[in-house]
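# Structural overview for review
Listed here are the chains, written in short residue letters.
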Amino acid sequence: MSDEMQIAVPDHKARELQRAFDVFNQVSLELTQAYETLQAKVESLTAELAVANGELRRQYREKEALSERLSLLLDALPAGVVVLDGEAVVSEANPAARAMLDDPVVGSDWPDLVRRRLQATDAPDEWLLGAKRVSIAESPLDSAGGRLLLIHDITAAHELKARLERNQRLAAMGEMAASLAHQLRTPLATALLYSANLSEPNLSELARVRFAGKAADQLKRLERLIQDVLLFARGESIGRDVIPVSSLVADAAQTMEPLCAERRVAFCVTGECEDLIITGSRKALGGALLNLLENALQACEARGGEGRMAQVGLSVFSDGGAIRLGVRDTGVGISPEAQSRIFEPFFTTRGQGTGLGLAIALGVARAHGGTIEVNSRLGTGSEFVMVLPVGGKEDAAAECQQVNQY
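## A look at the sheet that holds strand β13 (residues 381-389)
Spatial strand order, β8-β10-β11-β13-β12: five strands in an open sheet with mixed pairing. Strand pairing shows two members of the sheet lacking a second neighbour, β8 (266-271) and β12 (371-377), which therefore form its edges. Ignoring strand direction, the axes of neighbouring strands in this sheet form an average angle of 15°. With eight bridges connecting them, strand β10 (residues 311-319) and strand β11 (residues 322-329) associate as antiparallel partners. Within β11, the position partnered with Val316 by the bridge is Leu325. In this fold helix α10 (residues 357-367) packs onto β12 and β13, with an angle of close to 135° to the strand it touches most, β12.

So this is what it looks like as structure tokens:
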């Protein structure tokens, strides 16, 4: 038994050794496979990295080419491009901007540069730069407060626009020549007739005074017609007055109240206009509004007494970004055929009218970026509404700040 046990023991150890060797071989095989897998992964990642690097190099070359094209484009642009940082300091400027401003632009403080080189004009966002006229468009550039300014030289365009407007007025004057001759001839012939009667030796003093007064009235009518013609031909500059709407309405009411009271026509003002302003020409807007009110008063007089008191009303209210100044009356109204022509120069439904008042008023409204709307029915009266751009006090302050900044 002892010899059999001595032989069995080495066999057992051999089997254990064989198992250990098998385990070692298995682990070695797994390690070899893991290494091969890792090596394949490394090769795959290396290939992907090479592809990614190639794509990055391609994108870099494309962006470099795009940057070069943009740089060439900015250099070739006839418009000036100025880049401001968050402190309003010029960080970049293309050659056109440097040539326009004729100043060491890059590194300069933009508000200081504007104060030295630019002068505000009547038109918003347009400035005088020496002998040139430029427009400046601004857009935000980044969250840090940077801005991009685009400066256009609009000198030629402004001159062409002014020339076109003048030619249009001259063309309109040419079309109105025949009507103007008729309008001038009537009061002139009447004044000459009354003046001729003054030379009669047997004319009584009372008749002489009456004829002299009538001749003077016709000459005044002639003078008023000539003034209206000159105003229409010259056009109206809108100016840069900051006009409180309440003040404009108060001035019109102060003028109209005694006139309406004298002619026994009721006059009232309705609506709210507190804190609203209009930018433009106070004289032109006030004249246009009074023209509409006087027309309304004359329409009430033309109707005559019909058992009730005639009325003229002035209403004011804001509608979004516009102010609506409405003038209504309880006069005779305007026929649909006449409504299509009432803004034509020299068209009038009154024997003593020049036919230029509404044309001038519409021109003033359009010069201020607005218009005039009309609504009328025969027998019930009319309403003329002057629609104008409007802003609050904040807008006026912003405008003043912009003028100071640029």
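## Considering the side chain of Thr155
Mapped onto the secondary structure, Thr155 falls in helix α4 (residues 155-175). Given a relative accessible area of 18%, Thr155 falls into the buried group. For Thr155, the contacting residues outside a window of four places in its chain are Ala131, Lys132 and Arg133.

## Here we look at the packing of aromatic side chains
In total, this model carries two aromatic pairs according to the counting rule given. Judged by centre distance (6.4 Å) and plane angle (80°), the rings of Phe343 and Phe384 are edge-to-face. With Phe343 in the loop between α9 (336-339) and α10 and Phe384 in strand β13, the pair connects residues that are 41 residues apart, well separated along the chain. For the pair shown, Phe343 and Phe384 are each scored as buried. The lysine or arginine in question, Arg210, covers the ring of Phe211, its NZ or CZ lying 5.3 Å from the ring centre.

## Here we look at the environment of Pro345
Topologically, Pro345 is positioned in the loop between α9 and α10. Taking the C-alpha atoms as reference, Pro345 lies 8.4 Å from Ile360; in sequence the two are 15 residues apart.

## Quick look at the pattern of salt bridges
Scanning the entire structure with this criterion turns up six salt bridges. The residue Glu126 makes a salt bridge to Arg133 at a minimum N-O spacing of 2.9 Å. With relative accessibility at 13%, the residue Arg133 sits in the buried group. Glu373 serves as the salt-bridge partner of Arg324, at 2.8 Å between the closest nitrogen and oxygen. Of this pair, Arg324 sits in strand β11 while Glu373 is found in strand β12, placing the two residues 49 residues apart along the sequence.

## Some points on the pairing of strand β2 (residues 90-93)
Examined bridge by bridge, strand β1 (residues 80-84) and β2 share three bridges and lie antiparallel to one another. Each residue of the ladder has a partner; that of Val82, found in β2, is Ala93.

## A closer look at unusual backbone geometry
One non-glycine residue with positive phi stands out, namely Ala88, at about 65°. Here Ala88 is to be found in the loop between β1 and β2. Under the relative-accessibility criterion, Ala88 is labelled buried at 12%. Phi angles above zero are rare outside glycine, and Arg264 is one such case at about 60°. Within the secondary structure, Arg264 is located in the loop between α7 (245-262) and β8. Overall, the relative accessible area of 71% leaves Arg264 in the exposed class.

Thresholds, definitions, all that
- Residues numbered from 1 in each chain as written.
- Predicted model: local features only at pLDDT ≥ 70, side-chain atom pairs only at ≥ 80, totals over all residues.
- Heavy atoms only, no water.
- Pairing = 2+ DSSP bridges.
- Helix = DSSP H or I, 4+ residues; strand = E, 2+ residues; numbered from the N terminus.
- Axes fitted to C-alpha atoms, helices over the stretch in contact; angles between N-to-C directions.
- Contact = heavy atoms within 4.5 Å.
- Buried < 20%, exposed > 50% of the residue type's maximum accessible area, 1.4 Å probe, protein only.
- Phe/Tyr/Trp six-rings, centres within 6.5 Å; stacked < 30°, edge-to-face > 60°.
- Lys NZ or Arg CZ within 6 Å of the ring centre and 35° of its normal.
- Salt bridge = Lys/Arg side-chain N within 4 Å of Asp/Glu carboxyl O.

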